[in-house]
Amino acid sequence: MVTAIVIPIICLYFFWLTKKEMREGYEKWASLKNVPEEAIISGEVVQISENRQRYSYSRYVHVLELTIQTKSNRHSNIKKITPLMKNIRIPSVKIGDSVHLYGNWEDDFFQVGRIQNAKTKKEPHT
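Residues numbered from 1 in each chain as written. Predicted model: local features only at pLDDT ≥ 70, side-chain atom pairs only at ≥ 80, totals over all residues. Heavy atoms only, no water.

Describing the nonpolar core
Next up, step 1: Among the nonpolar cores identified, the biggest contains 11 residues, and these are Ile-41, Val-45, Leu-64, Leu-66, Ile-68, Ile-78, Val-93, Val-99, Leu-101, Phe-110 and Val-112.
Next up, step 2: Only strand S1 (39–56), strand S2 (59–69), strand S4 (98–105) and strand S5 (110–117) provide two or more residues apiece to this core.
Next up, step 3: With three residues, the top contributor of residues to this core is S2.
Next up, step 4: Ignoring sequence-local partners within four residues, the contact set of Leu-101 consists of Ala-39, Ile-40, Ile-41, Leu-66, Ile-68, Ile-78, Phe-110, Val-112, Arg-114 and Ile-115. (Core = buried A, V, L, I, M, F, W, Y, C linked by side-chain atoms within 4.5 Å. Buried < 20%, exposed > 50% of the residue type's maximum accessible area, 1.4 Å probe, protein only. Helix = DSSP H or I, 4+ residues; strand = E, 2+ residues; numbered from the N terminus. Contact = heavy atoms within 4.5 Å.)

Considerations on the pattern of salt bridges
Next up, step 1: Under the criterion given, the structure shown has one salt bridge.
Next up, step 2: For the salt bridge of Arg-114 with Glu-37, the shortest nitrogen-to-oxygen distance reads 3.0 Å. Here the residue Arg-114 occupies a position in strand S5, and Glu-37 occupies one in the loop between helix H1 (2–30) and S1, the gap between them amounting to 77 residues.
Next up, step 3: Residue Arg-114 is classed as partly exposed on the basis of its relative accessible area of 36%.
Next up, step 4: Given the relative accessible area of 44%, Glu-37 is considered partly exposed. (Salt bridge = Lys/Arg side-chain N within 4 Å of Asp/Glu carboxyl O.)

Structural notes on the packing of aromatic side chains
Next up, step 1: One pass over the full model with this rule turns up four aromatic pairs.
Next up, step 2: Taking the centre distance of 5.4 Å and the plane angle of 70° together, the rings of Tyr-13 and Phe-14 count as edge-to-face.
Next up, step 3: With a relative accessible area of 45%, Tyr-13 lands in the partly exposed category.
Next up, step 4: Classification of Phe-14 by relative accessible area gives partly exposed; the value is 47%.
Next up, step 5: Here Tyr-26 and Trp-29 contribute two aromatic rings whose centre-to-centre distance is 5.7 Å and whose plane-to-plane angle is 55°, an arrangement assigned as tilted. Here Trp-29 and Tyr-26 lie together in helix H1, a separation of three residues that amounts to about one turn.
Next up, step 6: Taking relative accessible area as the criterion, Trp-29 reaches 5% and is therefore assigned buried.
Next up, step 7: Through pairs of rings, three or more aromatic residues link up here, namely Tyr-13, Phe-14 and Trp-16. (Phe/Tyr/Trp six-rings, centres within 6.5 Å; stacked < 30°, edge-to-face > 60°.)

Here's what the structure looks like:
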């Protein structure tokens, strides 16, 4: 009699716990696209590396690693991490583009939240 009550309760508890952990994992994965814009790096793209990495079980992220040449120095630890989900747009950057990167500094790299191509101002012809 006790086992008829205790076993379903234990199963329900572990089902609830698993669902909770899956929800938290999804929220953490989906929040990768929301990066606070606390700093900016402006310069020319020198090197690009793109790859797809597994984040967890069936969730993937697109990692865009950039090397930017600014006026004063070269920054090589720059990453744009985008969760691969429906209707997500992967940023397109080419070598030689002049860009503004908005994001924040993590432990040892700059995490990009938004990439803006810098438009070159053309002088009017006189």
